[in-house]
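What follows is each chain in one-letter form.
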Amino acid sequence: LIVRMPVQEDTAAEDLTKTITQAVQLPGNSASVNKVDVVGGQVGNELYIRSAGAVALALLLMLVYVTIRFEFKLAMGAVLSLFHDVVVTIGIFAMMQWPFDLTVLAAILALIGFSLNDNIVVSDRIRENFRKIRKGEPIDIINISLTQTLNRTIITSLTTVLVLIALFYKGGALIHGFATALLFGVFIGTYSSVYVASSV
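Keep in mind that this is a model prediction, so the values were computed, not measured.

## Describing the nonpolar core
Proteins that are soluble and globular tend to have nonpolar side chains buried together. Within the largest apolar cluster, 36 residues are counted, with the highest numbers of intra-cluster contacts made by Val-55 and Ile-112. Mapped by element, the contributors of at least two residues to this core are α2 (41–69), α3 (72–96), α4 (102–132), α5 (138–170) and α6 (173–199). With eleven residues, the top contributor of residues to this core is α4. Setting aside chain neighbours within four positions, we find Ile-112 in contact with Val-55, Ala-58, Leu-59, Met-62, Leu-82 and Val-86.

Dropping the structure here:
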């Protein structure tokens, strides 16, 4: 079992561990306390600052990678859509007041990788079609590119969602936040790679 409690303002970590350990030592009870983690306000703020730094670094490195791999205007579209994915996913967690911990941060970073993969496939097709179709309008070329990659994008997202549903229901409490963040993130990432990145 995982027991979560609000921050105990006037209780030291050692006292809290001792109290919880005493609470489970009842006659005939074989339960034991495996681990007690205390996250205070200072640690919570540090987690948020480090999370923001990790996400910002990931986005910056993605911008550099896509710029080298393709060109800067496609890289800007990809990175802005990745930023959109992160903001919307974190926004859902904030709106629903779900806990944000390291597993959710890991899911956000995994989401950046997943979404970037889709963006690269779309960007590659757009670049290829701009070389092939010389006289077409940019909007038409992008529409053709999206139509050509849409089947692959939907199949990739659906197979990922199937795995995430299994993790969500059978993964247990430790992985629940990770699966939840990625479930929302995959939907957001799929439409952003089709609509947001290509529009930018």
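## Side note on the packing of α5 against α6
For the pair α5 and α6, interaxial distance at closest approach is 10 Å and the crossing angle is 175°. The angle between the axes of α5 and α6 places the two elements in the roughly antiparallel class. Contact residues: α5 offers Ile-142, Leu-146, Leu-150, Thr-153, Ser-157, Thr-160, Val-161, Leu-164, Ile-165, Leu-167 and Phe-168, while α6 offers Ile-175, His-176, Ala-179, Thr-180, Leu-182, Leu-183, Val-186, Phe-187, Thr-190, Val-194 and Ser-198. Of the residues assigned to the contact of α5 with α6, the class counts are 15 nonpolar, seven polar and no charged.

## Looking at the packing of α3 against α4
In a packed pair of helices, the relevant descriptors are the angle between the two axes and the axis-to-axis distance. Contact geometry for α3 and α4: axes closest at 9 Å, N-to-C directions at 150°. In this view, α3 runs roughly antiparallel relative to α4, as classed from their interaxial angle. Like other packed secondary-structure pairs, α3 and α4 cross with a definite hand, here right-handed. Contacts from Leu-74, Ala-78, Ser-81, Leu-82, Asp-85, Val-86, Thr-89, Ile-90 and Phe-93 in α3 reach Val-104, Ile-108, Leu-111, Ile-112, Ser-115, Leu-116, Asn-119, Ser-123, Ile-126 and Arg-127 in α4. Looking at the contact of α3 with α4 residue by residue, the class counts come to twelve nonpolar, five polar and two charged.

## What to know about α6
The end-to-end C-alpha distance of α6 is 38 Å, a good match for the 39 Å that 27 residues give at a rise of 1.5 Å each. At Ser-192, α6 shows its strongest bend, of approximately 45°.

## Points about the confidence of the model for the protein chain
Averaged over the protein chain, the pLDDT score is 86; the fraction of residues at 70 or greater is 93%. The element-level mean pLDDT for the protein chain is lowest in helix α1 (residues 13–24), coming to 78, with α5 highest at 93.

## A word on α5
A rise of 1.5 Å per residue sets the reference length of α5, with its 33 residues, at 48 Å; its end C-alpha atoms lie 46 Å apart and thus fit the reference within 8%. Considering bend angle alone, the principal kink of α5 is centred on Thr-149 and spans about 45°. Among the residues making up α5, those that are buried are Ile-141, Ile-142, Ser-145, Leu-146, Thr-149, Thr-153, Thr-156, Ser-157, Val-161 and Leu-164. Along its buried surface, α5 packs onto α4 and α6. Just downstream of α5, Gly-172 is the residue with a positive phi angle, here 90°.

## So, unusual backbone geometry
The backbone of Gln-97 sits at a positive phi, close to 55°, despite the residue not being glycine. Topologically, Gln-97 is positioned in the loop between α3 and α4. Judged by its relative accessible area of 71%, Gln-97 is exposed.

## Focus: the packing of aromatic side chains
Tallying each qualifying case throughout the model produces three aromatic pairs. Ring plane angle 80° and centroid distance 5.4 Å describe the contact between Phe-93 and Trp-98, whose orientation is recorded as edge-to-face. By relative accessible area, Phe-93 is classed as buried at 4%. Here Trp-98 falls in the partly exposed class, since its relative accessible area comes to 32%. Between the aromatic rings of Trp-98 and Phe-184, the centroid separation amounts to 5.9 Å while the plane-to-plane angle is 35°, which identifies the pairing as tilted.

Rules of the game
Residues numbered from 1 in each chain as written. Predicted model: local features only at pLDDT ≥ 70, side-chain atom pairs only at ≥ 80, totals over all residues. Heavy atoms only, no water. Core = buried A, V, L, I, M, F, W, Y, C linked by side-chain atoms within 4.5 Å. Buried < 20%, exposed > 50% of the residue type's maximum accessible area, 1.4 Å probe, protein only. Helix = DSSP H or I, 4+ residues; strand = E, 2+ residues; numbered from the N terminus. Contact = heavy atoms within 4.5 Å. Axes fitted to C-alpha atoms, helices over the stretch in contact; angles between N-to-C directions. Parallel < 35°, antiparallel > 145°, perpendicular 65-115°, else oblique. Nonpolar A, V, L, I, M, F, W, Y, C, P; charged D, E, K, R; others polar. Left-handed = near helix turned anticlockwise from the far one by under 90°. Expected span 1.5 Å × (residues − 1). Bend = angle between axes of the 7 residues up to and from the residue. pLDDT = per-residue confidence, 0-100. Phe/Tyr/Trp six-rings, centres within 6.5 Å; stacked < 30°, edge-to-face > 60°.

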